[in-house]
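Architecture at a glance
Each chain, letter by letter, is given below.
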Amino acid sequence: MSNKLNILVVDSVPEHLKQVESILSVLDIDLILATSAKEALGLIKNKEIIIALFDIHLPVMNGIELAKIIQHDKNRAKVPIIFITGQVKDDLELEECYKSGAVDFILKPFRDNILLSKVKIFLKLHNQEMQIREDHFRLGLNISELYRC
């Protein structure tokens, strides 16, 4: 079993998944690739997701609906979602994306270094959060030891 961080990528076009996989292959992560929202939900069951990259326009269940399901899952922490899409229909759709958990957007076609930079930023934020939690826990232990003395 891998200890690498999981990133979910959902796009109905397999070539787009391959492009994202190629760009992010330089990172020490596990990519979970899916061509539909339903497939994605099956693949991430019981897995922690650090970042999610979705196309908005997916068949059957769109990316906004998928984001809402993932964000309302009481068994997982909130997941930063970056929508990778060719277009946003209007301001209302854009607002819905943010309400569903979007933290950023990348418009297709995109430059490789933009995707890589954005993912690296969210990985760094995740690692910083984990370090803060660990420091907080250790500090709590140290304070407990002081009170026992």
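Residues numbered from 1 in each chain as written. Predicted model: local features only at pLDDT ≥ 70, side-chain atom pairs only at ≥ 80, totals over all residues. Heavy atoms only, no water.

Overview of the sheet that holds strand β1 (residues 5-10)
What counts, and what does not: Pairs of strands are assigned from DSSP output, requiring at least two bridges between the strands. Helix and strand labels come from DSSP, where a helix needs a run of H or I of at least four residues and a strand needs a run of E of at least two; each type is numbered from the N terminus. Here an axis means a line fitted to C-alpha atoms, over the contact stretch when the element is a helix, while the angle between two N-to-C directions is reported on a 0 to 180 degree scale.
If you walk across this open sheet you meet the five strands as β2-β1-β3-β4-β5, and the pairing is parallel. The open sheet has two edge strands with one neighbour each: β2 (29-34) and β5 (102-107). The mean angle between the axes of side-by-side strands here comes to 20°, regardless of whether they run parallel or antiparallel. Judged from the four bridges that link them, β1 and strand β3 (residues 51-54) form a sheet pairing that is parallel.

A few points about the pairing of β3
Using the following cut-off: Type-normalised accessible area, obtained with a 1.4 Å probe on protein chains alone, sets the label of each residue: buried when under 20%, exposed when over 50%, and partly exposed for intermediate values. Orient the strands so they point away from the viewer; a crossover is then right-handed if the path from the first strand over the helix to the second runs clockwise.
Neither face of β3 is open: one carries Ile51 and Leu53, the other Ala52 and Phe54, and all of them are buried. Sheet analysis places β3 next to strand β4 (residues 81-85), joined by three bridges and oriented parallel. Paired with Phe54 across the strands is Phe83, a residue of β4. For the crossover from β3 across helix α3 (residues 63-71) to β4, the handedness is right-handed.

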